[in-house]
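Working through the structure, step by step
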Amino acid sequence: MYSILIVEDDWIINGGIRLFLEKQGYRAGSAMTVAEAEAELSGSTYDLVLLDINLPDGSGLDLCRRIREREDLLVIFLTSNDTEENMIEGFEHGCDDYIAKPFSLEILGQRVRAVLRRGSAAAAEPDCFTYRGLAVDFKKMSVMEEERLVKLSSTEFKLLACLIKNKGQVLTRASLLERIWDCDSNFVDENTLSVHIRRLRQKLEPDPKNPRYIVTVFGIGYTFGE
């Protein structure tokens, strides 16, 4: 059973959300202030925090940042601050989703399920990966090939990680461009992908002309391994 903490100073909204979540099968706790939320989090184990930004004794943004510094909790902001700038600020402070008031409880329920599902998928991913002579630590962003430390750029590492995490599948060139570059609104041409694939092979492969890690599927794209 997932546990959810509701941090909202309007007791009617807080109580209504808590009742709804408990009917959905969640364990729910309540806090009205930053101080109450921190006390609750220090004494209980939660999976998700529903967090108002404007609280009587402080900012939910600051609380979200502190949560992110010390534990791996999911956070959804519930707030009347609904401008694009407010939303960007919320995501920059580490929230997983942002719901503007007023909202329906059914929409809230859908968003809670989606965030918990994504969190479970991320937690299920292994921290390390080994294949033949290659060892990758995803948390430390380190790569070893036959006991040799391989220095990769951030984009090169993201590309390698994407291929590894989709091992057994063929990723098209268009798919890789979208996943690695377009997700950050950095629109590039296919030559950029070719250059990064070539650099990765030069750094990783014992024989770049006969790759064993990053394999070309002609006319389609790339796959990891044999």
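None of the values given here were measured: they were computed from a predicted structure.

Turning our attention to the pattern of salt bridges. Under the definition given, this model contains ten salt bridges. As a salt-bridge pair, Lys101 and Asp52 come within 3.5 Å of each other at their nearest N and O atoms. Taken together, the positions of Lys101 in the loop between strand 7 (97-100) and helix 5 (105-124) and Asp52 in the loop between strand 3 (48-51) and strand 4 (54-55) put the pair 49 residues apart, joining distant regions of the chain. Classification of Asp52 as buried rests on a relative accessible area of 4%. Each of Glu145, Glu146, Arg148 and Arg212 takes part in salt bridges that share partners, so that together they form one network.

Counted under the stated rule, the structure contains seven aromatic pairs. Centroid distance Phe77 to Tyr98: 6.1 Å. Interplanar angle 70°. Geometry classified as edge-to-face. Here Tyr98 lies in strand 7 and Phe77 lies in strand 6 (residues 74-79), a separation of 21 residues in the sequence. For the pair Phe77 and Tyr98, a shared accessibility class is recorded, and that class is buried. Ring geometry for Phe91 and Tyr98: centres 6.5 Å apart, planes at 35°, overall tilted. Taking the relative accessible area as the measure of exposure, Phe91 reaches 40% and is therefore partly exposed. Every member of this aromatic cluster is reached through a ring pair, and the members are Phe129, Tyr131, Tyr213 and Phe224. Lying across the ring of Phe138, Lys165 places its NZ or CZ 4.7 Å from the centre.

A word on the pairing of strand 2 (residues 27-31). Bridge analysis of strand 1 (residues 3-7) against strand 2 gives five bridges, and the strand direction is parallel. Residue Ile4 lies in a different strand from strand 2, and its bridge partner there is Ala28. A crossover connection joins strand 1 to the parallel strand 2 through helix 1 (residues 11-23); in handedness this β-α-β unit is right-handed.

Judged by nonpolar contacts, the single largest core of 27 residues is most densely connected at Val136, Leu204 and Phe224. Of all the secondary structure elements, the ones that give two or more residues to this core are strand 8 (128-131), strand 9 (134-137), helix 6 (154-165), helix 7 (173-180), helix 8 (190-204) and strand 14 (221-224). Here the element with the most residues in this core is helix 6; it accounts for seven residues. In this view, Phe224 contacts Phe129, Tyr131, Leu134, Leu160, Leu163, Ile164, Lys167, Gly168 and Tyr213; residues no more than four positions away in its chain are not counted. With 20 residues, the next largest nonpolar core counts Ala31, Leu51, Leu55 and Cys95 among its residues.

It is worth spelling out helix 2 (residues 34-43) at this point. Taken residue by residue, helix 2 has Val34, Ala37 and Leu41 as its buried positions. Projection of helix 2 onto a plane perpendicular to its axis shows the buried side chains occupying an angular sector of 60°, all on one side. What points out from helix 2, more than 90 degrees from its buried face, is the exposed set Ser42 and Gly43. Residues of helix 2 that are buried in the fold lie against strand 1, strand 2, strand 3, strand 4, strand 5 (58-59) and helix 3 (60-70).

Another point: the pairing of strand 9. Note that strand 8 and strand 9 share four bridges and pair antiparallel. Across the sheet, the residue bridging to Tyr131 is Leu134, located in strand 9. Linkage of strand 8 to strand 9, two consecutive antiparallel strands, is achieved through a turn of two residues, within which Arg132 is found at a positive phi near 50°. Across four bridges, strand 9 lies against strand 10 (residues 142-145) in antiparallel orientation. Residue Leu134 lies in a different strand from strand 10, and its bridge partner there is Glu145. Once strand 9 ends, the chain turns through four residues before running back antiparallel as strand 10, passing Met141 with a positive phi of about 55°.

Moving on, we come to the packing of helix 6 against helix 7. With their axes 10 Å apart at the nearest point, helix 6 and helix 7 run at an angle of 125° to one another. Taken together, helix 6 and helix 7 sit at an angle that is classed as oblique. Note that helix 6 runs across helix 7; the crossing there is right-handed. Side by side, helix 6 and helix 7 meet where Thr155, Lys158, Leu159, Cys162 and Leu163 of the first sit next to Leu176, Arg179 and Ile180 of the second. Split by residue class, the contact of helix 6 with helix 7 holds five nonpolar, one polar and two charged.

Criteria and thresholds
- Residues numbered from 1 in each chain as written.
- Predicted model: local features only at pLDDT ≥ 70, side-chain atom pairs only at ≥ 80, totals over all residues.
- Heavy atoms only, no water.
- Salt bridge = Lys/Arg side-chain N within 4 Å of Asp/Glu carboxyl O.
- Helix = DSSP H or I, 4+ residues; strand = E, 2+ residues; numbered from the N terminus.
- Buried < 20%, exposed > 50% of the residue type's maximum accessible area, 1.4 Å probe, protein only.
- Phe/Tyr/Trp six-rings, centres within 6.5 Å; stacked < 30°, edge-to-face > 60°.
- Lys NZ or Arg CZ within 6 Å of the ring centre and 35° of its normal.
- Pairing = 2+ DSSP bridges.
- Right-handed = clockwise from strand over helix to strand, strands pointing away.
- Core = buried A, V, L, I, M, F, W, Y, C linked by side-chain atoms within 4.5 Å.
- Contact = heavy atoms within 4.5 Å.
- Arc of directions from axis to C-beta.
- Axes fitted to C-alpha atoms, helices over the stretch in contact; angles between N-to-C directions.
- Parallel < 35°, antiparallel > 145°, perpendicular 65-115°, else oblique.
- Left-handed = near helix turned anticlockwise from the far one by under 90°.
- Nonpolar A, V, L, I, M, F, W, Y, C, P; charged D, E, K, R; others polar.

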